[in-house]
Amino acid sequence: MEKVIEEQKQGTSLVLEQNQNNTKKLFIESYGCQMNFSDSEIVASILNEQGYNTTQNLEEADLVLVNTCSIRDKAEQTIRKRLEQYNAVKKINPNMKVGVLGCMAERLKSKFLEEEKIVDMVVGPDAYKDIPNLLKEVEEGRDAINVILSKEETYGDIAPVRLNSNGVTAFVSITRGCDNMCTFCVVPFTRGRERSRDPQSILEEIADLWNKGFKEVTLLGQNVDSYLWYGGGLKKDYDKASEMQKATAVDFAMLLEMCAVKFPGMRFRFSTSNPQDMHEEVLHVIAKYHNVCKYIHLPVQSGSSRILELMNRQHTREEYMALVDKIYQIIPNCSISQDMITGFPTETEEDHQQTLSLMEYVGYDFGYMFAYSERPGTMAARKMEDDVPNEVKKRRLQEIVDLQQQISLKRTQRFLGTTVEVLIEKTSKKSQEHWSGRNSQNITVVFPKENYQPGDFVEVKITNCTSTTLIGEPIGFSKIMN
């Protein structure tokens, strides 16, 4: 059930094409969200210019970087255990330097250097360009830290390397930060306020991917629907923009349409959406263009309006349901997935039942579900008692997972006997004789290899399914996308 409940992602060590002139070795490991994996590609690109080739062998590394997640306590504990493993290697290779990147670095700042003696360098998500300067400080025997948050898109001028790429799919970041201030979330504190990237630089990065043979791009942001380019700066300052800036501003619906029109042979996804910021214009773009996937990740967190208000989610249960109705009205074949938190402070059994009934109403294709864990510095941690017992959280979480499994099976069964368009990404994990890819609705499809190759769009007749996977037979190349 890999799509039904997402455990903390295992760290992925990343490798790029080697530069024969580089003499130093970088081992970089990423945890958490897609944005962290995308950021690691930027870091590797910066360090490649500083003489570092990446390696998957921790023992030979001159520099070890771990890109961290702070969204839950379990994520942070995973990082601390990994640092213990680094420490064992560093005892053998004392010249090895260790740096912590990302949200955990931003949250803990200099405290990290005090708590984890192995760490030489702490770098927040907006400070990666400063890593070469910080390394000089480390080499001179000083601890180094930069966690200053930016008011501009920080990396729009950097061409990320594609680490451990399948050569078919890639991430392109379009926004950073979040203004929504949900009471349970550390993101506004670790990644700052919302700011968007110049659409021209986005299109140029996609063009480079297309020229290299990539066939699918996921547009990334903490809140992609808030994308708004008016010449630079924070989104909250848009009201101060000139009339000319406002007249030429580009919002997310416009950007998505620009991508679809300019690259008709490229398939597009996006993540993540916030219900309060998703506008109908985006739905019409999804419906209009074949190469924009019919899939929306639409986190809700709870089915109770009372809990949503405590979470500062800025939408009610009824408003969320109305948005879902609108999605299915405009995009009848759309798939929707969710994020859900159970056991938020003061959550009652009635609140929990409302979550279960909302899941049944929406019919989510899959979801990412977690028990609430208090995050230091958030409004919930400062103002609310974590008063739902752990055994109650575990029981409610299991009920949510069990229900999602049932719903997921029904949702995949709707494809039985139909033909779906699949982009081949890789060999199936379970069979060397089968390809694995996804359809427009973001559901994994496996089928016999025959004479097809990764990057091909193939029409597949679905003959069987599980709750997470469609199984079928290829019937030919897609006439639309190839």
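Colleague: Whenever I open this one, the overall build of the protein confuses me. Can you help?
Modeller: Summing up its helical and strand segments, the protein has 15 helices and 22 strands in all. Computed over C-alpha atoms, the radius of gyration of the protein comes to 23 Å, within 12% of the 23 Å expected from 2.2 N^0.38 for 482 residues, which places it in the range of a compact globule. The C-alpha extent of the protein, read off along each of the three principal axes, is 65 × 55 × 55 Å. The buried share of the protein, reckoned over its 482 residues, is 59%. Surface accessibility of the protein: about 20,300 Å² in total, with carbon and sulfur atoms responsible for 49%.

Colleague: When you look at the sheet that holds strand E20 (residues 444-448) in this model, what are you seeing that I'm missing?
Modeller: What links the strands of a sheet is backbone hydrogen bonding, and the strands pair in either a parallel or an antiparallel sense. The strand order around the closed barrel formed by five strands is E18-E19-E20-E22-E21, and the pairing between neighbours is mixed. In this sheet, neighbouring strand axes are inclined to one another by 55° on average, regardless of whether the strands run parallel or antiparallel. Note that E20 and strand E22 (residues 469-477) share three bridges and pair parallel. Bridged to Val446 within E22 is Ile471.

Colleague: Explanation requested: the nonpolar core in the structure shown.
Modeller: What tends to happen in soluble globular proteins is that the nonpolar side chains get buried as a cluster. Grouped together as the largest cluster of nonpolar side chains are 55 residues, with contacts concentrated most on Ile206, Leu219, Phe252 and Phe270. Dropping the residues within four chain positions of it, Leu219 is found in contact with Val172, Ile174, Ile206, Val224, Phe252, Leu256, Cys259, Arg269, Phe270 and Ser271.

Colleague: Would you explain the side chain of Asn439 in this entry?
Modeller: Here Asn439 shows up in the loop between strand E19 (434-438) and E20. For Asn439, a relative accessible area of 0% corresponds to the buried category. One polar contact links the side chain of Asn439 to the main-chain amide nitrogen of Ile443, over a distance of 2.9 Å. Aside from chain neighbours lying at most four places away, what touches Asn439 is Arg267, Arg269, Phe415, Val420, Glu421, Val445 and Leu470.

Colleague: Mind showing me how you'd approach the pairing of strand E18 (residues 419-427) here?
Modeller: Within a regular beta strand, the side chains point alternately toward one face of the sheet and then the other, so they alternate between its two faces. The pairing of E18 with strand E21 (residues 457-465) spans five bridges and is classified as antiparallel. If you follow Val420 over to E21, its bridge partner there is Val460. Both E18 and E19 contribute to a ladder of four bridges, which runs antiparallel. Opposite Leu423, over in E19, you have Arg438 as the bridge partner.

Colleague: Is there a simple way to explain the packing of helix H10 (residues 280-288) against helix H12 (residues 317-330) in this structure?
Modeller: Each pair of packed helices can be summarised by the angle the axes make with each other and by the distance between the axes. One can describe the packing of H10 onto H12 by two numbers: an axis separation of 9 Å at closest approach and a directional angle of 25°. By the angle between their axes, H10 is roughly parallel relative to H12. For the crossing formed where H10 meets H12, the hand is right-handed. Across from Glu280, Leu283, His284 and Ala287 in H10, the residues of H12 making contact are Lys326, Ile327 and Ile330. Among the residues making up the contact of H10 with H12, the classes are represented as four nonpolar, one polar and two charged.

Colleague: Can you walk me through helix H1 (residues 34-48) in this structure?
Modeller: Within an α-helix, residues lying three or four positions from one another point in the same direction, as the helix has 3.6 residues per turn. With 15 residues, H1 should reach 21 Å at 1.5 Å per residue; the first-to-last C-alpha distance of 21 Å fits that figure. The element H1 is largely enclosed, with a buried count of 14 among its 15 residues.

Colleague: I would appreciate a short explanation of the packing of aromatic side chains in the present structure.
Modeller: Each aromatic ring pair is specified by the distance between its two centres and by the angle formed by the two planes. Inspection of the entire model under this criterion finds six aromatic pairs. Seen from their ring centres, Tyr295 and Phe366 are 5.7 Å apart, and the 20° between their planes marks the pair as stacked. A residue pair is termed long-range when its members are at least 10 positions apart, and Tyr295 in strand E15 (residues 295-297) and Phe366 in strand E17 (residues 366-371) qualify at 71 residues. An identical accessibility class is assigned to Tyr295 and Phe366; each is buried. Considering the side-chain rings of Phe344 and Tyr372, the 5.2 Å spacing of their centres and the 70° angle between planes classify their relative orientation as edge-to-face. Remark: Tyr372 occurs in the loop between E17 and helix H14 (379-383) and Phe344 occurs in the loop between strand E16 (335-342) and helix H13 (349-362); sequence separation between them is 28 residues. Judged by relative accessible area, Phe344 falls into the buried class, the value being 0%. On the basis of relative accessible area, Tyr372 is assigned to the buried category, the value being 6%. In this structure an aromatic cluster arises from ring pairing among Tyr295, Phe366 and Tyr368. The ring of Tyr238 carries Lys246 above its face, with NZ or CZ at 5.6 Å from the centroid.

Colleague: Explanation requested: the confidence of the model for the protein in the structure shown.
Modeller: As a general rule, the predicted coordinates of low-pLDDT regions are not to be interpreted in detail. Predicted confidence across the protein gives a mean pLDDT of 91, with 94% of residues reaching 70 or more. Here residues 1-11 scores under 50 on pLDDT; set against residues more than four positions off or in separate chains, the count is 42 contacts.

Colleague: Can you help me understand the side chain of Gln441 in this one?
Modeller: In this fold, Gln441 is placed in the loop between E19 and E20. In contact with Gln441, not counting residues within four places along its chain, are Lys294, Tyr295, Asn333, Ser335, Arg414 and Phe415.

Colleague: Can you help me understand the sheet that holds strand E14 (residues 267-271) in this one?
Modeller: Taken in spatial order, the three strands make up an open sheet running E8-E11-E14, and their pairing is parallel. Only two strands of the sheet have a single neighbouring strand rather than two, namely strand E8 (169-173) and E14. Averaged over all neighbouring strand pairs, the angle between strand axes comes to 25°, with direction disregarded. Inspection of the sheet shows strand E11 (residues 216-220) paired to E14 by five bridges, in the parallel sense. Bridge pairing in E14 places Glu216 opposite Arg267. With respect to the sheet, H1 is in contact with E8, E11 and E14, its orientation differing from that of E8 by roughly 90°. Against the sheet, helix H7 (residues 199-211) engages E8, E11 and E14, with an angle of about 165° to E8.

Colleague: Explain helix H9 (residues 252-262) here, please?
Modeller: Listed as buried for H9 are Phe252, Ala253, Leu255, Leu256, Cys259 and Ala260. Buried positions in H9, seen along its axis, are confined to an arc of 165° and lie on one side of it. Exposed residues on H9 whose side chains face more than 90 degrees from its buried face are Val261 and Lys262. The secondary structure elements touched by the buried residues of H9 are H7, E11, strand E13 (250-251), E14 and H10. Between a side-chain oxygen at the N-terminus of H9 and the backbone nitrogen of Ala253 the separation is 3.3 Å; the capping residue is Asp251.

Conventions we followed
- Residues numbered from 1 in each chain as written.
- Predicted model: local features only at pLDDT ≥ 70, side-chain atom pairs only at ≥ 80, totals over all residues.
- Heavy atoms only, no water.
- Helix = DSSP H or I, 4+ residues; strand = E, 2+ residues; numbered from the N terminus.
- Rg over C-alpha atoms; globule rule 2.2 N^0.38 Å.
- Buried < 20%, exposed > 50% of the residue type's maximum accessible area, 1.4 Å probe, protein only.
- Areas by Shrake-Rupley, 256 points an atom, 1.4 Å probe, with all protein chains shown as cover.
- Pairing = 2+ DSSP bridges.
- Axes fitted to C-alpha atoms, helices over the stretch in contact; angles between N-to-C directions.
- Core = buried A, V, L, I, M, F, W, Y, C linked by side-chain atoms within 4.5 Å.
- Contact = heavy atoms within 4.5 Å.
- Polar contact = N/O pair within 3.5 Å; in protein donor to acceptor, adjacent residues only side chain to side chain.
- Parallel < 35°, antiparallel > 145°, perpendicular 65-115°, else oblique.
- Left-handed = near helix turned anticlockwise from the far one by under 90°.
- Nonpolar A, V, L, I, M, F, W, Y, C, P; charged D, E, K, R; others polar.
- Expected span 1.5 Å × (residues − 1).
- Phe/Tyr/Trp six-rings, centres within 6.5 Å; stacked < 30°, edge-to-face > 60°.
- Lys NZ or Arg CZ within 6 Å of the ring centre and 35° of its normal.
- pLDDT = per-residue confidence, 0-100.
- Arc of directions from axis to C-beta.

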